[in-house]
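Examining the three-dimensional arrangement
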Amino acid sequence: MKIFRFVFFFILAVALGVMLNSKVGVVPPLGKFLSPFHGFWQNAENEAISIQPKITSDFLVEPVNVYYDEQLIPHIFAQNEADLYYTQGYVTAHHRLWQMEFQLLAADGRLSEILGSAALTFDRSQRRIGLGYAARNGTELFKSEEPELFKLIESYTAGINDYINSLKFEDLPIEYKLLDYWPEPWTPYKSFLFLSNMQRALSSGDTDLENTNALKLWGREVFDILYQDKFSSTDPIIPRGTPFDFEPVQASEPDSSYLLSFTDPFIEKPNPDNGSNSFVVGQQKTANGKVILTNELDLNLTSPSIWYLVHLNTPNLNVMGASFPGVPMVINGFNDSIAWGETNARGDVVDWYSIEFKDESRDEYLYNGNWVPTRTEIEKFEIRGEDPFYDTLIYTHHGPVVYDRNFSGNSEKVNLAMKWNAHNPNKEYKAFYLCNKANNYDDFVEAFSNFSGPAQNISYASTSGDIAIYISGKFPVKWEEQGKFLMDGSNTKHEWKEFIPFEHNPNVLNPERGFVSSANQFPVDSLYPYYVYDYHYDRYRGRRINDRLRVMEQIEVEDMMKLQYDNFNYLAFESLPMMLDSLDSASFTGFELEYFTKLKEWDYFNEADREAPSIFKTWWDNLQTKLWDEIDSAEVRLFKPDWYNTYNVLRNFPDFEMIDDKRTSIVEGTGDLYRITFKETVNQLEEYLSEDGSKLTWYLFKNTTIRHLLRLGPLSSKQVKVGGYRGTVNAASELNGPSWRMVVELGDGEVNAWGVYPGSQSGNPGNPMYNHMVDDWASGDYKKLLFDRSLNAQSKGITYSIQLDPSN
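Reference entry: report on the structure contained in this document. (Residues numbered from 1 in each chain as written. Predicted model: local features only at pLDDT ≥ 70, side-chain atom pairs only at ≥ 80, totals over all residues. Heavy atoms only, no water.)

**Topic: the overall build of the protein**
Applied cut-off: Each helix corresponds to a stretch of at least 4 residues labelled H or I by DSSP, and each strand to a stretch of at least 2 residues labelled E; elements are numbered beginning at the N terminus. We take the radius of gyration over the C-alpha atoms and set the globule estimate at 2.2 Å times the residue count to the 0.38 power. Burial classification: accessible surface area is computed with a 1.4 Å probe over protein chains only, and a residue below 20% of its type maximum counts as buried, one above 50% as exposed, and the rest as partly exposed.
For the protein, the helix and strand inventory stands at 23 helices and 27 strands. The C-alpha radius of gyration of the protein comes to 28 Å, within 12% of the 28 Å expected for a compact globule of 808 residues. By its C-alpha atoms, the protein is 85 × 80 × 70 Å across when sized along the principal axes. Taken over 808 residues, the protein has a buried fraction of 62%.

**Some details on helix α3 (residues 81-107)**
The periodicity of an α-helix, 3.6 residues per turn, causes residues three or four places apart in sequence to face the same way. Quick reminder of the rule: By this rule the span expected of a helix is its residue count minus one, scaled by 1.5 Å. Polar contacts, as used here, are pairs of N or O atoms within 3.5 Å; protein pairs need one atom able to donate a hydrogen and one able to accept it. Residues neighboring in sequence count only if both atoms are side-chain atoms.
With 27 residues, α3 ought to run about 39 Å at 1.5 Å a step, yet its terminal C-alpha atoms sit only 28 Å apart, falling short of that. A large share of α3 lies buried, amounting to 26 of its 27 residues. The N-terminus of α3 is capped by Asn80, whose side-chain oxygen sits 3.2 Å from the backbone nitrogen of Ala82. Following α3 by one or two positions, Gly109 has its phi on the positive side, about 70 degrees.

**Digging into the packing of helix α18 (residues 612-627) against helix α21 (residues 670-689)**
Keep this limit in mind: Working convention: axes come from line fits to C-alpha atoms, limited for helices to the stretch in contact. Angles between N-to-C directions cover 0 to 180 degrees. In these notes the angle categories are as follows: under 35 degrees is roughly parallel, over 145 is roughly antiparallel, 65 to 115 is roughly perpendicular, and the rest is oblique. Working rule for handedness: look at the near helix, and if it is turned counterclockwise from the far one by less than a right angle, call the crossing left-handed; if clockwise, right-handed. By definition in these notes, contact holds between two residues if any of their heavy atoms fall within 4.5 Å. When residue character is reported, Ala, Val, Leu, Ile, Met, Phe, Trp, Tyr, Cys and Pro are called nonpolar, Asp, Glu, Lys and Arg charged, and the others, Gly included, polar.
Two elements in contact, α18 and α21, have axes whose closest approach is 9 Å; the angle formed by their N-to-C orientations is 130 degrees. As far as their axial angle goes, α21 and α18 are oblique. Our pair here, α18 against α21, has a crossing hand that is right-handed. Seen from α18, the contacting residues are Ile615, Thr618, Trp619, Asn622, Leu623, Lys626 and Leu627; seen from α21, they are Leu673, Tyr674, Ile676, Thr677, Phe678, Glu680, Thr681, Gln684 and Leu685. Here the residues of the contact of α18 with α21 are counted per class, giving 9 nonpolar, 5 polar and 2 charged.

**Regarding unusual backbone geometry**
Residues Ser303 and Pro304 are joined by a peptide bond in cis, for which omega reads 0 degrees. Inspection of the secondary structure puts Pro304 in the loop between β6 (302-303) and β7 (308-314). Cis geometry is adopted by the peptide bond preceding Pro454, which originates at Gly453 and carries an omega value of 5 degrees. One non-glycine residue, Arg346, adopts positive backbone phi at about 55 degrees. Position of Arg346 relative to the elements: it lies in the loop between β10 (338-344) and β11 (350-355). Despite not being glycine, Gln719 has its phi angle at roughly 45 degrees, a positive value.

**Concerning the nonpolar core**
The test is simple: Take the buried residues of types Ala, Val, Leu, Ile, Met, Phe, Trp, Tyr and Cys, join any two whose side-chain atoms come within 4.5 Å, and each joined set is a nonpolar core.
If you look at the biggest cluster of nonpolar residues, it comprises 171 residues, and the most contacted ones within it are Phe334, Phe448 and Trp777. The leading source of residues in this core is α3, at 14 residues. For Phe334, the contacting residues outside a window of four places in its chain are Asn318, Val319, Met320, Ala339, Trp340, Met742, Val744, Val751, Ala753, Leu785 and Phe787. In terms of nonpolar packing, the next biggest core, distinct from the first, is built from 69 residues, Tyr365, Val401, Phe596 and Leu638 among them.

**As for the side chain of Gln103**
Mapped onto the fold, Gln103 is located in helix α3. Note on Gln103: relative accessible area 15%, which makes it buried. Excluding anything up to four places from it in sequence, Gln103 contacts Phe194, Asn197 and Leu709.

**Some remarks on the pairing of strand β12 (residues 364-367)**
Under the convention used in this document: By the convention used here, strands pair only if DSSP detects at least 2 bridges between them.
In this sheet, strand β13 (residues 370-373) lies alongside β12 in antiparallel orientation, the contact comprising 4 bridges. Residue pairing across strands places Tyr367 opposite Asn370, the latter belonging to β13. What sits between the antiparallel neighbours β12 and β13 is a turn of 2 residues, in which Asn368 has the positive phi angle 55 degrees.

**Side note on the pattern of salt bridges**
Basically, it comes down to this: A pairing counts as a salt bridge when a side-chain nitrogen of Lys or Arg comes within 4 Å of a carboxyl oxygen of Asp or Glu.
Inspection of every chain in the model, using the stated rule, returns 54 salt bridges. In this structure, Glu680 and Lys626 form a salt bridge, with 3.8 Å as the shortest nitrogen-oxygen distance. One end of the pair, Glu680, is in helix α21; the other, Lys626, is in helix α18, and 54 residues separate them in sequence. Look at Glu680 and you get partly exposed, because its relative accessible area is 33%. Salt bridges sharing partners connect three or more residues here, namely Arg220, Asp224, Asp229, Lys230, Glu481 and Lys484.

**Points about the packing of aromatic side chains**
Here is the rule we go by: When the centres of two rings from Phe, Tyr and Trp lie within 6.5 Å, Trp using its six-membered ring, the rings pair. Their planes under 30 degrees apart give stacked, over 60 give edge-to-face, and anything left gives tilted. For a Lys NZ or an Arg CZ to count as sitting over a ring, it must be within 6 Å of the ring centre and within 35 degrees of the ring normal.
Evaluated as defined, the whole model comprises 61 aromatic pairs. Linked through ring pairs, Phe231, Tyr540, Phe568, Tyr570, Phe573, Trp602, Tyr604, Phe605, Phe616, Trp620, Tyr644 and Tyr647 together constitute an aromatic cluster. Sitting over the ring of Phe262, Lys216 keeps its end group 4.5 Å from the ring centre. Over the ring of Trp496 we find Lys419; its NZ or CZ atom is 5.2 Å from the centre of that ring.

**Let's talk about the packing of α18 against helix α20 (residues 643-652)**
Each pair of packed helices gets described by two things: the angle between the helix axes and the distance between those axes. Where α18 contacts α20, the two axes come as close as 12 Å, and the packing angle between them is 70 degrees. When the axis of α18 is compared with that of α20, the two are roughly perpendicular. For α18 against α20, the interelement crossing comes out left-handed. Facing Trp620, Leu623, Gln624 and Leu627 of α18, the residues of α20 in contact are Trp643, Thr646, Tyr647 and Leu650.

**Topic: the sheet that holds strand β4 (residues 277-281)**
Reading across the sheet, the 6 strands line up as β22-β4-β5-β24-β25-β26 and stay open at both edges, with antiparallel pairing between neighbours. With one partner strand each, in any of the chains shown, β22 (515-518) and β26 (783-784) form the two edges of the open sheet. The sheet contact formed by β4 and strand β5 (residues 291-300) spans 5 bridges and is antiparallel. Looking across to β5, one finds that Ser278 is bridged to Asn295.

**Quick word on the sheet that holds strand β18 (residues 456-462)**
Sheet architecture is open: 11 strands sit in the order β1-β27-β2-β3-β7-β8-β9-β10-β18-β19-β21, paired in mixed fashion. Both edges of this open sheet fall to β1 (54-57) and β21 (507-509), since each of them pairs with a single strand only. For this sheet the average axis-to-axis angle between neighbouring strands, irrespective of direction, equals 20 degrees. Inspection of the sheet shows strand β8 (residues 317-323) paired to strand β9 (residues 332-335) by 4 bridges, in the antiparallel sense. When the bridges of β9 are listed, Met320 appears paired with Phe334.

**Here's the deal with the environment of Phe499**
By secondary structure assignment, the location of Phe499 is in the loop between β20 (487-488) and β21. Accessibility expressed as a relative area gives 26% for Phe499, which makes it partly exposed. Put simply, Phe499 and Pro476 are 23 residues apart on the chain and 4.2 Å apart in space, counted from C-alpha to C-alpha. Every residue in contact with Phe499, bar those within four places of it in the chain, is listed here: Asn421, Asn424, Lys474, Phe475, Pro476 and Val477.

In short, shape yes, function no, at least from these values alone.
Structure representation (structure tokens):
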């Protein structure tokens with residue numbers, strides 16, 4: 001009996017031990033996770049900085065000093081660039097290792113390895129659009145053509161790997177413990193993959209296939225009303241009337257024989273709100289005769305933050321600003337001589353081609369009357385807890401065949417190849433390396449001549465008083481509407497032939513009006529000789545910024561900060577008066593009159609504590625839903641006209657066929673639409689207010705959230721008290737908005753800078769400073785950035801320092 005009990009309890013103990021140290025579904029191994037010596041308890045930090053003060057490395061050649069300031073920004077002082085970038089990799093990994101790796105597993109189509117089969121469709125789409133393909137091309141090009149710069153990326157890689165190798169289980173970020181996996185070695189390929197991932201976020205948001213569906217479904221007349229892309233109200237990035245003094249490259253002969261096939265482009269599109277604002281004022285408009293550059297980078301509001309601030313210093317370099325965790329150098333910032341910022345330039349750099357294969361083997365496809373060979377790659381997907389999955393990818397000279405018989409929801413079984421500028425080898429790292437060192441405008445232009453994409457409007461200011469903006473990136477030369485619809489993959493006239501020369505890209509230096517600005521709007525007026533297209537150009541923020549800058553004089557830094565937080569709602573300013581004028585207030589119920597009055601008295605500013613923005617947003621959403629119900633219910637994939645096109649239809653096409661509800665015997669007009677949706681809005685909001693705790697206060701209603709990458713509520717910041725919205729300069733929407741704000745003043749040989757972002761340097765939820773800048777970001781409390789070549793451990797504002805020494 002004793003033996004039986006011993007065996008029973010022994011088996012029970014073993015089973016319990018196995019269970020507590022095994023992952024069950026989404027539950028981490030509880031034994032390891034709850035261990036007070038190794039589990040999540042070890043992620044609680046009493047101090048903001050927990051890194052060892054003395055570190056040795058076999059890689060380093062000379063000692064490196066790192067000084068952390070009150071915002072946990074590392075100021076890295078090295079004697080050579082290899083040591084500098086090694087240390088940047090090391091300290092970035094200390095704060096952001098899990099974020100770095102998780103984002104790149106997603107980009108590489110490898111989330112199934114840690115999340116299981118639920119992520120397989122996402123992983124397949126990432127590989128099919130060619131993010132890894134693009135990163136491999138970039139890695140090989142840099143290795144062969146820029147070997148010295150490639151060595152610096154290897155230095156950054158070595159720093160990350162030395163940090164990884166120093167970790168024990170108890171040191172791992174909490175997300176590794178939750179998901180029960182270990183970090184793997186970093187490689188230069190991963191840093192190139194990060195840039196491919198930014199291409200995905202900023203340059204792959206095409207509408208070609210949806211355009212084709214709409215054109216086939218409704219015809220040209222309706223399409224042109226729904227999706228107009230040029231408006232006289234546009235205030236372009238390059239001031240109207242700017243001459244373009246060059247002989248343009250001629251596009252090939254047009255051939256608009258579009259393939260009108262219904263397709264199902266079901267891969268998720270990047271967020272169209274990904275954009276940014278940047279504006280720079282010259283000496284003649286400022287109070288002290290200095291120039292001021294601002295930049296606000298509107299991206300997903302994530303925790304950990306997209307950005308990691310860093311100051312890099314060697315005897316030949318002094319630069320500070322925002323870096324991407326996983327990428328060396330400074331991406332957005334300033335040095336002793338210049339400052340630069342970016343906004344997304346958009347532009348049509350993705351085209352889709354219909355491919356005709358010779359037979360079921362798909363070994364050959366038709367091009368220019370000939371059968372030419374394809375290239376086939378078998379992609380292996382490791383899936384946690386399951387057998388691997390294999391996917392066959394076919395490559396043409398256009399690019400990868402993304403949608404085919406193995407990956408399509410389309411009944412017509414069209415084979416669609418994606419041609420994307422990001423697939424081409426690029427030298428973005430050289431652009432940022434040279435820009436970090438630039439001393440003047442010529443250096444700046446030379447730096448970004450190496451930049452292919454994602455195309456950016458690069459703003460510029462210098463201590464010598466110059467201001468400028470240069471649209472950087474590679475754009476194909478196209479005939480009118482080339483690539484706006486599905487192209488014929490066998491037709492040579494549908495090919496990209498050449499790229500617009502860099503010196504032909506729109507740019508302006510020291511314009512007469514005394515400022516430059518960009519907010520993702522249409523870049524040029526009709527004088528520009530090349531075809532420009534992107535449906536998602538912004539229609540509001542650029543106009544508002546330019547309206548203000550034209551009248552602002554004696555500008556100070558605080559004025560530029562205030563303009564970054566401007567909450568004026570241009571959509572409401574233009575649309576709401578005609579909506580309200582259609583209503584008969586004499587027939588209102590009590591609630592209807594109350595809502596009408598709040599809207600009538602509103603000044604169109606989306607301030608955080610107002611109620612009118614909540615009412616207007618709900619009414620506008622209902623209006624769009626009612627107006628575009630035929631688009632929502634269509635059997636093919638389409639997209640709704642943007643806000644400005646919706647306003648344009650309502651204002652200028654009152655008899656447009658979609659305004660009428662075909663399900664009723666009455667022919668409705670815009671007035672009926674406004675009245676019906678206003679009543680729906682009042683009823684909807686009254687029902688909303690009947691729920692416990694619900695309010696119409698704008699910041700509570702829109703619920704701007706800084707969301708953890710795993711979408712874990714306790715690790716996110718919800719209902720952040722910030723105004724604005726998409727379409728306002730302060731573009732803080734529900735999950736997207738200003739991911740980093742910077743203001744830099746330059747002149748008299750001095751550079752002063754301020755910045756703030758919705759997060760913290762530390763990505764550890766157990767750090768006492770986790771997300772500590774969120775409230776400051778919401779209220780506009782910028783932090784003065786320490787930028788001094790003479791910083792040391794005793795300098796004011798420095799709270800902690802470490803030294804990294806060579807092992808020998």
